[in-house]
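Residue-level listing of the chains:
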Amino acid sequence: MAVTGVTMEVGDDGVAVIYISNPPLNVLNPAIIAGLKEKFGEAASRRDVKAIVLTGKGGRFSGGYDISAFQRVPQRGGASDSPNASFDLVVNTIEDCKKPVVAAVEGLALGGGLELAMGCHARIASPKTKLGLPELTLGVIPGLGGTQRLPRLVGVSKAVEMMLSSEPITSEEGKLLGLIDDIASSEELLRSSRLWALGIAERRKPWVRSLHRTDKIGSLPEALGLIRAAREQAKRTSPNMPQHFACLDAVEEGILHGGYKGLLKEAAVSKELVKSSVSKALSHLFFSQRAAAKVPNITDAGLKPRHIRKVAIIGGGIMGSGIATALILSNISVFLKEIDSEYLLKAMKTIEANIHGLVTGGKVTQDNARKALSMLKGVSDYTEFKEVDLVIEAVIEDVPLKQNIFSELEKVCSSCCILATNTSTIDLNVVGEKTKSQDRIIGAHFFSPAHIMPLLEIVRTEKTSPQVILDLLTLGKIIKKVPIVVGNCAGFAVNRTFFPYMEGAQLLVHLGVDLFRIDRVIRNFGFPLGPFRLMDLGGYRLGKQAGKEYENAFPDRIFRCPLGELLLKYGRNGKRNGKGFYMYEKGSRPKPDPSVLPIIEESRQLMNIMPGGKPISVTDEEIIEMLFFPAINEACRVMDEGVVARASDLDVASVLGMSFPSYRGGIMFWADTVGSNHIYVCLKRWSEMYGNFFKPSRLLEERAMKGMPLSGAATSSLKSNSKL
C-alpha cells in the first residue's frame, strides 16, 4: 500500500526530488502542505542540493486541494481548512526558493496541483497530461495563486477562458501556450526535469518567477477590455454564480496593482466564497454525484462488468438518433432499425446533423466524426440483432407496440443480450409483460437531446439481474453520462418527481395567473426554460400520453384540464409545428403568442376553478412555491417507496435531467434550505383551498412534525416492498 505524505530523495547529481503521495489523485490537504514546507525547507538548507524537482507518485502530479475541506469550512464557520490558508506555500516556499524548482507533471495537474506547478520555475510534462483550474465548478476560485500566475503564463484571454469554463487542456496545448516548458515521455520525465533544474542552477536555462512576469499580460487597455467582456458574458450566462465575478475581480486586481496585491485579493475573496451558499450547494452536488455511482448490492457485489461493443436501437426519432449519436461517439457499433427506408434515411441524416453540430461547436474533431459515423449501420429487420450485446427500444410511448417488440427481441437476440427500453413513463413490468426473460429487462432512460444531456436514469425491476444493472452502469460511464439507478414505477424517479411541477403550472393558469409570467418567474429562479416553453418543446401529444400514465398510476392527485386537447384541436403542437404558447419562426427567438390567450380562457371557463370567478393574486415567490413544493412532495413519496437509494440521487437527477439550477444544490438540498415545516404548512393550506393535488405526503408530514431535514436517510420509513 502506498504511503501517504511527502518524501524526498537526493541524487548524486545534487537534485532533490520531492514526491507528493496521497492516492489516488495526490490531493492536497493541511498535512501534505506541511510536509511540502518541511521538505522544501530541508532541500533549501542542504549544501549537497543544487536544485529541486517536485512531482507526484503513482503517475499523477496532483488533482488539487481536498474538496471535502470546502464542506468542513461552512460547518466550522472558519477558513482554516481552506486552500487559502496555505497560499504562502507557493510564494514563500517554492517561488522564492533560493534554489531552482522544476515541476515534473504527469497524468494530471488540476486546481491546486496546477497552481503548485505554476509556482515552480519551470514545468516539464508527460504527453496527454490534463491541466486545468476547475475550482469555479465548486463555487470557489483558485486559491493558490492561479488567478495571478495563469494570465502571466498563457495570456489574459486564455486564462480567463480556462478558469470560467473549468475545462482542462492537454500538456501539448499547454506547451504551445507557454504553460509547459517541455514535454517528455513518462519514462524520461524525471531525468528531463532533473537536467532542466540543473540547467537553471547553472544559468543555462532561464530562472522564471511567473508571478513577476508581465510580457503575456499585454497592454493595460487590452487586458481590461478582455476582463470587461468576460464580465458581460458572465452576467448573461452565469448571473447567479458569484465565483465567476470574484475570479475576474482577482485577475483585474493583479493586472492593475501587481501579482502580490492580486494574491491578497484572491485570498480574501476565496475565504468568503468557501463559506457561501453557492459553494455549499455545488460541493454537495459534487459529492452526491460520486455517491450515486455506488449502488448497494451491485457495485459492491464483486461482479465484473461485461463489455458492450455492439448495440441495436429500435426507433430513429429524436431520442433514438440522439442515443445512437452518444454511442458511436464512444466507439460503440450501432445498428439502427426503422420501419422503412424513408424513416431510416431521416434518422441517419439526424445523426449526421448531430455529429456535424458537435464538430461546428469544436466538441468533436473531423477525424473523430468520420470514425463515429463509420460505427453506424441502418437496418430494416432483425438479422443483425443476433450478435448485439444490448438492444435499446426507443419507439413512441405505445404499450402494445413495446410489448410486441420485446417479444420479438426475445426470439431473435442471444440469451445474454440486455433488453432495454427508453420509455420515460411506462412501468417496466407492463412493457415486459409478454417477455419470459425478465432478468434481462431494464430501463435506459436518456434525456433529450440524448447526445448532450448528461443524465442516464437506469431503471431496475425486482427481477432485473445485478449483472445487467452493472453492465448498463459501466456503459453509461463509457459514453460520458452520469448514471443513476432507480426503482420501477410510473415515471420512475425524475419524471415522476417533476410531473406535479408541470401540472402545478397548469393549475396556476386555471386559477388566473398569466402563463408568460409563470415562465418568466421560473427562468429568474434559474431554469433555462419555463414550464410552458418546455411543453412547447416536447409537443402536446407527448404530454397527453405521459399524462395518461400518471392518471392511471396516481389518480388521487392529478390535475386534469382540457388545455392540451384544446391546443391540439386548434392546430397547435408546440415547436413541432411552430405554434404553441409561443411563436416559432426560423432565425428568431421564440416570442409569446397572444393568439393563444382565447384558448386558455376557454379552458379556464370549462374548468371554472377560480375562487369567486376571479383570478387569484400571487407573488413571484408564491408561484415558485406552488410549482416546486408539489414536486418536493412527490420526491418524498419517491424516497418513501425506496425508488431511489438516497435523497442526493434526486439532487443530481434534478440538476442533470431537469436543469434545476446547480447553484441551488438540487431539489432536495434546496428544499432543506426552505425547511420541511414551511413546505408542509403551505401544502396543507393549499390542499384545503384547492384539493388533493397539494395534499402533503406521509414522509413530508413526518419530517415536518419532527423538524427533520427532507434529505436525511429514509431507511427507517422505507416500506418492505422498496423498489431498490
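From a predicted model like this one, the values you see are computed outputs, not experimental measurements.

1. With respect to the packing of helix α19 (residues 494–510) against helix α26 (residues 647–658)
Contact geometry for α19 and α26: axes closest at 10 Å, N-to-C directions at 70 degrees. Comparing their axes, α26 and α19 come out roughly perpendicular. Residues Val 494, Asn 495, Thr 497 and Phe 498 of α19 lie in contact with α26, whose contacting residues are Leu 650, Ala 653, Ser 654 and Met 658. Tallied by class, residues from the contact of α19 with α26 come to five nonpolar, three polar and no charged.

2. With respect to the side chain of Gln 403
Mapped onto the secondary structure, Gln 403 falls in helix α16 (residues 399–412). In contact with Gln 403, other than residues within four places in its own chain, are Val 430, Val 431, Glu 433 and Lys 434.

3. Details of the pairing of strand β2 (residues 15–21)
Counting buried residues along β2, seven of its seven residues qualify, which places the element largely inside the surrounding structure. Side-chain alternation along β2 places Val 15, Val 17, Tyr 19 and Ser 21 on one buried face and Ala 16, Ile 18 and Ile 20 on a second face that is also buried. For strand β1 (residues 5–10) and β2, the ladder comprises six bridges, and the chain directions are antiparallel. Its bridge partner being in β2, Thr 7 is matched across the sheet by Tyr 19. Adjacent in sequence and paired antiparallel, β1 and β2 are bridged by four residues, among which Gly 14 carries a positive phi angle near 85 degrees. Relative to strand β3 (residues 51–56), β2 runs parallel, the two sharing six bridges. Of the residues in β3, the one forming a bridge with Tyr 19 is Thr 55. Of the crossover connections in this fold, the one passing from β2 over helix α1 (residues 30–45) to the parallel β3 is right-handed.

4. Concerning the sheet that holds strand β8 (residues 169–170)
Ordered in space as β5-β7-β8, the three strands form an open sheet in which the pairing is mixed. The strands lining the two open edges of the sheet, one partner per strand, are β5 (108–110) and β8. Two strands pair when backbone bridges link them, and β5 and strand β7 (residues 130–132) are joined in this way by three bridges, in the parallel orientation. The partner of Ala 109 across the bridge, within β7, is Leu 131. Along the sheet, helix α4 (residues 112–119) makes contact with β5 and β7, crossing β5 at roughly 95 degrees.

5. Comments concerning the pattern of salt bridges
Tallied over the entire structure, the rule returns 36 salt bridges. With a shortest N-O distance of 2.7 Å, Glu 202 and Arg 204 are connected by a salt bridge. Here Glu 202 falls in the partly exposed class, since its relative accessible area comes to 43%. Exposure remark for Arg 204: the relative accessible area of 54% places this residue in the exposed category. Note that Arg 231 is salt-bridged to Asp 249, the shortest N-O span being 2.9 Å. Here the residue Arg 231 occupies a position in helix α9 (residues 220–237), and Asp 249 occupies one in helix α10 (residues 242–257), the gap between them amounting to 18 residues. For Arg 231, a relative accessible area of 18% translates into the label buried. On the basis of relative accessibility, which here comes to 28%, the residue Asp 249 falls in the partly exposed class. Here the residues in one salt-bridge network are Arg 496, Asp 556, Arg 557, Glu 634, Arg 637 and Glu 641, joined through shared partners.

6. Comments concerning the packing of aromatic side chains
Scanning the model with the defined rule gives 25 aromatic pairs in all. Centroid distance Phe 628 to Phe 660: 5.8 Å. Interplanar angle 80 degrees. Geometry classified as edge-to-face. Of the two residues, Phe 628 sits in helix α25 (residues 620–640) while Phe 660 sits in the loop between α26 and α27 (667–674), which places them 32 residues apart along the sequence. Measuring from centroid to centroid gives 6.2 Å for Phe 660 and Trp 670, while their planes differ by 55 degrees, and the two rings are tilted. Taken together, the residues span a long stretch of sequence, with Phe 660 in the loop between α26 and α27 and Trp 670 in helix α27 at a distance of 10 residues. Under the relative-accessibility criterion, Trp 670 is labelled buried at 10%. Here a set of aromatic residues connected by ring pairs shows up, and it is made of Phe 498, Tyr 501, Phe 525, Phe 527, Phe 628, Phe 629, Phe 660, Trp 670, Trp 686, Tyr 690, Phe 693 and Phe 694. Directly above the ring of Trp 196 sits Lys 205, whose terminal nitrogen or CZ lies 3.9 Å from the centroid. The ring of Tyr 582 carries Arg 533 above its face, with NZ or CZ at 5.8 Å from the centroid.

7. What to know about the sheet that holds strand β10 (residues 310–314)
The strand order β12-β11-β10-β13-β14-β15-β16-β17 describes an open sheet built from eight strands, whose pairing is mixed. Lying at the two open borders of the sheet, with one neighbouring strand each, are β12 (376–379) and β17 (482–487). Each neighbouring strand pair of the sheet contributes to a mean axis angle of 25 degrees, computed without reference to strand direction. Pairing analysis gives four bridges linking strand β13 (residues 390–393) to strand β14 (residues 418–421), with the strands arranged parallel. Its bridge partner being in β14, Leu 390 is matched across the sheet by Ile 418. Contacts from helix α14 (residues 341–360) reach β11 (333–337) and β12, with the element oriented near 165 degrees to β12.

8. Description of the confidence of the model for the protein
Confidence in the prediction for the protein averages 94 pLDDT; 95% of positions are at 70 or higher. Ignoring residues within four places in sequence, the model shows residues 715–721, a span with pLDDT below 50, making 10 contacts including any to other chains.

How each quantity is defined
Residues numbered from 1 in each chain as written. Predicted model: local features only at pLDDT ≥ 70, side-chain atom pairs only at ≥ 80, totals over all residues. Heavy atoms only, no water. Axes fitted to C-alpha atoms, helices over the stretch in contact; angles between N-to-C directions. Helix = DSSP H or I, 4+ residues; strand = E, 2+ residues; numbered from the N terminus. Parallel < 35°, antiparallel > 145°, perpendicular 65-115°, else oblique. Contact = heavy atoms within 4.5 Å. Nonpolar A, V, L, I, M, F, W, Y, C, P; charged D, E, K, R; others polar. Buried < 20%, exposed > 50% of the residue type's maximum accessible area, 1.4 Å probe, protein only. Pairing = 2+ DSSP bridges. Right-handed = clockwise from strand over helix to strand, strands pointing away. Salt bridge = Lys/Arg side-chain N within 4 Å of Asp/Glu carboxyl O. Phe/Tyr/Trp six-rings, centres within 6.5 Å; stacked < 30°, edge-to-face > 60°. Lys NZ or Arg CZ within 6 Å of the ring centre and 35° of its normal. pLDDT = per-residue confidence, 0-100.

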